[in-house]
Amino acid sequence: MHDGAPAPLLEVRGLRKHFGGVKAVDGCDFEVRAGEMVGLIGPNGAGKSTVVELLSGLLKPDAGTVLFDGRAIQGLPPHRIFAAGLSRCFQLAKPWPRLSVLENLLIAIPPEGKDTIWRALLTPPSRVRAAERAARDRALAIAEQYRLYPLRNDYAYTLSGGQRRLLEFARIALTRPKLALLDEPMAGVNPVLQVEIERGIRNLVEDGTTVLLIEHNLGFVERICDRVIVMVEGRVAATGSLAELRDNPIVQDAYLGVVGAA
Amino acid sequence: MIQYTVTVCTVGAITAILVLGVNVSWGWVGQIDLAYYAYVAIGAYAAMVLELPRAHPSPTTPNSYILGLHWPFIPSVLVATAVGAAAALVVGTIALRRLRGDYIAIITACTALMLTAVTSVDNHLLGGYIGVYGLAEPLNTALHLGPTGYSYFYLGLCIFCLLLAYLVLERIYKSPFGRSLRAVRENDTAAAAFGRNLFWLRLRGYALGGAVGAFGGALFANYLLAWNPASWSLTEVTLLIAGVVVGGQANSRGVIIGSVLIESALPQISQLFPLLTSNSTIGPSIASILGAGGIIVMLRFRPGGILRERRAIDRTGGPESLVPHVPAVSFARPTTATGVAVGTSSEVERDA
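Because the structure is predicted, anything quoted here is derived from the model rather than measured.

Draft legend 1. Quick look at the confidence of the model for chain B. Put simply, chain B has an average pLDDT of 81, and 88% of its residues get 70 or more. Of the regions scoring below 50 in pLDDT, residues 318-352 of chain B engages in 55 contacts with residues more than four places distant in sequence or in other chains.

As structure tokens, this is what we get:
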């Protein structure tokens, strides 16, 4: 749906991260264009999740560059990368457990420097209430979109695994990112909620977010992604549509075949 | 007897302010701050040396102190509060660089011990082990109250300050800043991934706790009219933490109740059992014993404390029965080619 080739939104060049002797990511190159929905696939241990950690700033790369929206973001702390417009969800959902679902959503709304002590003390109460109401309305609208509205007053730790996933999506949707990194959003989710999550991802894309999706469920990847990047042993082995890549011997050997690369 | 009650209440109100400060760093941000009492002491010393006149050391009393500016009460307390915040900023900059809780606990404990050592040994900085003393009753040069009247006045002042601290902290707690702090406490990785600068947030929370501690310390010193290194130790911090645990972490009202219970009410009630309090070993430590016991009992039976942390609730949505609680899709329903469920409720149709 997004033809023409403007400058890529995300451009990864020579990305490298070794843990001792383990070459988790070893010279990884790929790009993602704005509006695309790209799948990142590969066998277990191929370095997909490490790439997400590196891109989102939770890990610092040993080498390589990451250009996001024209800016080099490699090695920046996570909050700066978030501010640049890159959100991620976690392979293991990380809600803020002892806060309500509503509070989880309110926190996801980017603070943009408004969370200071002085603002808390000096803003007149009427403006505090108005800002709070606006934030709440936005959070509740998203909650409804992601089927969390009835759960809005529950503690986040009471949510089921699938509901936590939905909460992750709702939080990402509230941040209105340019790029969302989704790390195995379907893992451990029952079929009913999988449908919800697929819908959630489509919602994100409709709202103008570019998506990089890590997923093992190839049927789902084929259904939803414009293009896939295949990672093997820390490198990109192939890119293209999944239909093309099914016949690619490297991909078959590493991923679709019986024997994994690990 | 009434005078005794006034004393207990005054100290109780000041302690409650101190516990509110512990609650900021421990209840809101979730970091164990063993240096907390150092900020109380810094506030106390700062207020003392600002309010006292210049020191006149003599051969018989060789100890002296810095400053001695003879400032009035209110600016002294305000500046003492700021000094506490500044000290917490300095310590926090070192302690909070590494994000692990045990690291913070060690650094802060070391800070507290170092400050005690320095102030005890150096006679010219803050009067050494004898400390600073001889303050005139604050504000009484204008009020001309007798001892009884003044004690009532100071009790009122402390309760007013407690209320002020409570309202200010509640406002901060409910603000976006307070919410960000709680996100850091609940899961710092996720907080960072959602744009929170962990170090800066923790540091500001830490400095806020230090400021509240120094504020309480300044009030305390102005009540005692003296302050020395024996007034503060790690035991005091433990008692304040007990107030937070028993009262309810991150609930300001709860921690005030916890503080009153652990530090004022229970020790007073224990006085009714002379067998216990007249015992030369147990008697002086009764508050510590009750505090430690309170921590253990609460952690075992009610980890949230007497009043649990309140979560933000939305009541504007009307009756919940209007919205189906379960997702409006089920296994039985057909799905479209794109995998989106065909639901029957109006909500699904609206969203799809």
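Draft legend 2. Focus on the side chain of E215(A). Residues and elements named next belong to chain A. Position of E215 among the secondary structure elements: in the loop between strand 8 (210-214) and helix 8 (218-224). An unpaired buried charge is present at E215: no salt bridge exists, and R165, the closest side chain of opposite charge, is 7.8 Å distant. Here the side chain of E215 touches M186 through a polar contact of 3.4 Å, landing on its backbone nitrogen. In this structure the side chain of E215 is engaged in a polar contact, spanning 3.3 Å, whose partner is the backbone nitrogen of N217.

Draft legend 3. Just the layout of surface pockets, in detail. Volume-wise, the largest pocket comes out at about 1,300 Å³. Surrounding the largest pocket, 45 residues form its lining, V128(A), E132(A), K174(B), P176(B) and R179(B) being those nearest its centre. The dominant element in the lining of the largest pocket, judged by the number of residues it contributes, is helix 5 (residues 125-145) of chain A, at twelve residues. Its residues assigned to classes, the lining of the largest pocket shows 16 nonpolar, six polar and 23 charged. The volume enclosed by the second largest pocket comes to roughly 800 Å³. Forming the walls of the second largest pocket are 28 residues, and the residues nearest its centre are L121(A), T81(B), V168(B), L208(B) and A211(B). Mapped by element, the contributors of at least two residues to the lining of the second largest pocket are helix 4 (117-122) of chain A together with helix 3 (73-95), helix 7 (147-174) and helix 10 (198-224) of chain B. Class assignment of the residues belonging to the lining of the second largest pocket gives a composition of 25 nonpolar, two polar and one charged.

Draft legend 4. View of the environment of R253(B). Residue and element names in this part refer to chain B. Mapped onto the elements, R253 comes out in helix 12 (residues 252-270). The sequence separation of R253 and L307 amounts to 54 residues, and the corresponding C-alpha distance is 7.6 Å. Not counting the four nearest positions on each side in its chain, R253 is found in contact with Y166, L307 and R310.

Cut-off values and rules
- Residues numbered from 1 in each chain as written.
- Chains lettered and ligands numbered in written order.
- Predicted model: local features only at pLDDT ≥ 70, side-chain atom pairs only at ≥ 80, totals over all residues.
- Heavy atoms only, no water.
- pLDDT = per-residue confidence, 0-100.
- Contact = heavy atoms within 4.5 Å.
- Helix = DSSP H or I, 4+ residues; strand = E, 2+ residues; numbered from the N terminus.
- Buried < 20%, exposed > 50% of the residue type's maximum accessible area, 1.4 Å probe, protein only.
- Lys, Arg positive; Asp, Glu negative; His and termini not counted.
- Salt bridge = Lys/Arg side-chain N within 4 Å of Asp/Glu carboxyl O.
- Polar contact = N/O pair within 3.5 Å; in protein donor to acceptor, adjacent residues only side chain to side chain.
- 1 Å grid on protein atoms, 1.4 Å probe; cavity = no way out; pocket = protein on both sides within 12 Å on 5 of 7 lines; lining within 4 Å.
- Points joined across faces, edges and corners; volume = space filled by probe spheres on them.
- Nonpolar A, V, L, I, M, F, W, Y, C, P; charged D, E, K, R; others polar.

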